[in-house]
Amino acid sequence: MEKQDRAKKAAATKEKIFSTAAGLIKKKGYANVTVSEICQEAGIAKGTFYLYYASKEDIIRESYYSDLGMFVLRGYDLFLEQYPDSGAAARVLCFLTLELEFAEFAGYELTSLAYAMNLRACVPGPSEHLEKRAFSQVLYEELSGGMDQARPDLSADQAFLYLESVVRGVMASWCFSNRDFHIEREGIRCLELAVESVFPASFSDEDPPAPR
C-alpha cells in the first residue's frame with residue numbers, strides 16, 4: 001500500500017509539473033519559459049523538477065510518451081468505468097479521441113515542438129518511438145480483441161497502423177495549419193469515419209459518446 005501511495009504521489013507530481021509547463025508555454029511561448037519559472041509556478045523545488053525531467057527540452061521530448069500515456073490511460077479507465085459494456089468500436093474511438101484531447105491540453109506550440117524533436121531523434125536510428133509509446137499497447141489489445149467485429153480483410157496490425165496514422169495525421173495537420181481548425185471537434189469527425197471503416201457493422205449512433 002505504501003509503495004502504491006508513493007507511486008501515485010510521484011505520478012501526481014509529474015503531472016503537475018507538466019500541466020504547469022504546458023500552461024506557461026501556451027501563455028508565454030516556449031522560449032520565454034524557464035525551469036525556475038515552472039518550479040515557482042508549480043510550487044516545487046528545482047531538485048524535484050530534475051527527478052522527473054532532465055531539462056526543459058525533456059518536457060517536450062517526453063510529452064507525447066509518458067505524459068500522453070498518463071493522460072490517455074486515466075481518461076480511458078474513467079470511460080470503462082462509465083461504459084463497462086461498450087463494444088470495441090466505442091472503446092477504440094474513445095482511446096483515439098483522448099489523444100486529440102491531450103494535444104488540445106498540451107497546446108499547439110508544445111505539440112509542434114514534440115513532433116519536430118522526436119522526428120529528428122528518429123533520423124540516426126534506431127528509433128525508440130514505438131517502444132516509448134507503451135500505452136498504445138492498450139489500443140492494440142482492444143483492436144485484437146474486437147477483430148471479430150471488424151472488416152474481414154483487415155488484421156489487427158493493419159487496423160492499428162491505420163488508426164494510429166489517422167490520429168497522428170490529424171495532429172500533424174493541426175500543427176502545419178497553425179491550428180486553423182478545432183482539433184477535437186474536427187478531429188473526432190475524422191476518427192469517427194476511420195473507426196467506422198474498421199468496424200462497419202458495429203458502429204452506431206447508440207454507442208457511448210467519445211469524450212469531448
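Below is a summary of the structure that appears in this document.

Let's talk about the environment of S112
Stage number 1. Inspection of the secondary structure assignment puts S112 in helix 6 (residues 108-122).
Stage number 2. By relative accessible area, which is 22% here, S112 ends up partly exposed.
Stage number 3. For the pair formed by S112 and C175, sequence separation is 63 residues and the distance between their alpha carbons is 5.7 Å.

Concerning the nonpolar core
Stage number 1. F49, Y64 and F199 are the most contacted members of the largest nonpolar core, which has 61 residues in total.
Stage number 2. Elements that contribute at least two residues to this core include exactly helix 1 (2-28), helix 2 (35-42), helix 4 (56-82), helix 5 (88-106), helix 6, helix 8 (136-145), helix 9 (156-176) and helix 10 (183-198).
Stage number 3. With 13 residues, the single largest contributor to this core is helix 5.
Stage number 4. With residues up to four places along the chain from it excluded, the contact list for F199 reads A88, A89, V92, L143, G146, Q149 and A150.

With respect to the packing of aromatic side chains
Stage number 1. Summed over all chains, the structure comprises 13 aromatic pairs.
Stage number 2. A centroid spacing of 5.1 Å and a plane angle of 45 degrees characterise the contact between F79 and Y83, whose relative ring orientation is tilted.
Stage number 3. Of the residues examined, F79 reaches a relative accessible area of 6% and is grouped as buried.
Stage number 4. Since its relative accessible area comes to 24%, Y83 is described here as partly exposed.
Stage number 5. Sitting over the face of the ring of Y30, K56 holds its NZ or CZ atom 4.1 Å from the ring centroid.

What counts, and at which threshold
- Throughout, a residue's number is its position along its own chain's written sequence, starting from 1.
- Reporting in this predicted model follows two pLDDT cut-offs: at least 70 for local features of residues, and 80 or more for side-chain atom pairs to be given and counted; totals over whole chains, interfaces and linings ignore these cut-offs and use all residues.
- Hydrogens and waters are ignored; side-chain quantities use all the structure's heavy atoms.
- Secondary structure elements are defined from DSSP: runs of H or I of at least 4 residues count as helices, runs of E of at least 2 residues count as strands, and each element is numbered from the N terminus.
- Exposure classes here rest on a 1.4 Å probe applied to the protein chains alone. A residue is buried below 20% of its type maximum, exposed above 50%, and partly exposed in between.
- For this analysis, a nonpolar core means a set of buried residues of the types Ala, Val, Leu, Ile, Met, Phe, Trp, Tyr and Cys, connected via side-chain atoms within 4.5 Å.
- In what follows, residue pairs with any heavy atoms lying within 4.5 Å of each other are defined as contacts.
- Between the rings of Phe, Tyr and Trp (Trp by its six-membered ring), a pair exists once the centres lie within 6.5 Å; its type follows the angle of the planes, with under 30 degrees stacked, over 60 edge-to-face, and the other angles tilted.
- Put simply, a charge is over a ring when the Lys NZ or the Arg CZ is close to the ring centre, within 6 Å, and near the line of the ring normal, within 35 degrees.

None of this, on its own, says anything about what the molecule does.
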